[in-house]
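Each chain, letter by letter, is given below.
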Amino acid sequence: MNARSIKLDLIENSHAFFVEAAQKAIGAEDDIRHWQFAILNLVQSLELTLKAMLRDIHPILIYENIDNPKHTISITKAIERLADKNIGNILFSKQELEGMSSAIKLRNNITHSDFELSIDHAQAQFLKVLELYIKIQRVHLSRQIEDILPKEVHEELLAIEKSKEALIKNALQRTEEQGIPSNDIWTCPNCLSDTFVVYDGLDTCYACTFKDELQECPSCHELFFEHELEPISQYFDTDLCEGEVILHNTYGYDFYQACNSCSEKIKEDIQEQRDKEHYDFLEREYYMR
Ligand SMILES: [Zn+2]
Ligand SMILES: [Zn+2]
């Protein structure tokens, strides 16, 4: 096996544990005993990712003792090496380091003693590490959450209020890193968070991955979600003839839908044109008499 294929294995393994962790956290909504497995899987996935990052620097670094490469490195040591200026030079924040070490402690407690797990504590720890894990994937491995989680797991995770917060935070950090202007970030019609990116034709929500191609209103030329455009053909003069709509008068409009405010204006305009037509007709009748 060459170094490259081992590296891929570590990351793929890490992602597999992460998916498992997310599924356990979703299951814990119904059965709180799932929390311990959610934590175990999550810390495991973090450990594998940290090892993959070390291996990326040099394959020997995943061994505890590089002079005697027998046992792979412990997670605590892996964090130390990654943070070391001369090795990984990764700037973990104090909060991240604390989050990782308390998650590791919690894992050790779960596996090594008849430890009683407080649910609130488990959930808080889980979310802290979840956030960190997604961030590491995004910043250091260029993997986005939608590359890792299957769509249905992602959706279920969003349904948990607290984990939704973590996913939104991740999305906002992502837009910031990519320098996306705030007027190119809209409210997502799917998850209702302000994380729908219309910049550069992306038209995707960074929190829930909902995609919707935007359409231009033919009247004001602003962009809208497709469901925001309304039909305007009901204002035209039409006839139904053998199942086909015959257009008699479209009052100068050569399109059939528009945004809400344009649609209102078009309705008024057509009404005015009709009134005027009617008035002109009456006037002609009067003078012809
Ligand atoms: Zn969304
Ligand atoms: Zn419009």
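Residues numbered from 1 in each chain as written. Chains lettered and ligands numbered in written order. Predicted model: local features only at pLDDT ≥ 70, side-chain atom pairs only at ≥ 80, totals over all residues. Heavy atoms only, no water.

Our focus in this paragraph is the nonpolar core. Soluble globular proteins tend to pack their nonpolar side chains together in the buried interior. One finds Phe 18, Leu 50, Phe 126 and Leu 130 to be the most contacted residues of the largest nonpolar core, which totals 68 residues. When residues of this core are assigned to their parent elements, the largest contribution, 11 residues, is made by helix 2 (residues 34–57). Residues within four places of Leu 130 in sequence aside, it is in contact with Phe 18, Leu 42, Leu 157, Ser 163 and Ala 166. The next biggest cluster of nonpolar side chains, apart from the first, holds 14 residues, and it includes Tyr 235, Tyr 253, Phe 255 and Ile 266. (Core = buried A, V, L, I, M, F, W, Y, C linked by side-chain atoms within 4.5 Å. Buried < 20%, exposed > 50% of the residue type's maximum accessible area, 1.4 Å probe, protein only. Helix = DSSP H or I, 4+ residues; strand = E, 2+ residues; numbered from the N terminus. Contact = heavy atoms within 4.5 Å.)

Right, let's talk about the environment of Lys 128 for a bit. Its location among the elements puts Lys 128 in helix 5 (residues 119–141). Along the chain, Lys 128 and Gly 99 lie 29 residues apart, while their C-alpha atoms are 6.3 Å from each other. Ignoring anything within four residues of it in the chain, the contact list for Lys 128 reads Gly 99 and Ser 102.

A few words on the coordination of the zinc ion (ligand 2). Within the protein, the atoms that donate to the zinc ion (ligand 2) are Cys 217 (SG), Cys 220 (SG), Cys 259 (SG) and Cys 262 (SG), at distances of 2.3 to 2.4 Å. Its four donor atoms give the zinc ion (ligand 2) angles of 98 to 121° at the centre, a pattern that matches the tetrahedral case. Ordering the donors of the zinc ion (ligand 2) by residue number gives the pattern C-x2-C-x38-C-x2-C. Separated by 42 residues along the polypeptide, Cys 220 in the loop between strand 4 (215–216) and strand 5 (223–224) and Cys 262 in helix 9 (residues 260–288) bring together distant segments of the chain. The exposure class of Cys 220 is partly exposed, given its relative accessible area of 31%. Classification of Cys 262 as buried rests on a relative accessible area of 5%. (Donors = N, O, S within 2.8 Å, 3.2 Å for Na, K, Ca; no water. Tetrahedral: all angles 85-135°; square planar, octahedral: opposite > 155°, others 65-115°.)

The next thing to look at is the pattern of salt bridges. Within the structure shown, the criterion is met by 11 salt bridges. When salt bridges that share partners are traced, they join Glu 47, Lys 51 and Arg 107 into one network. (Salt bridge = Lys/Arg side-chain N within 4 Å of Asp/Glu carboxyl O.)

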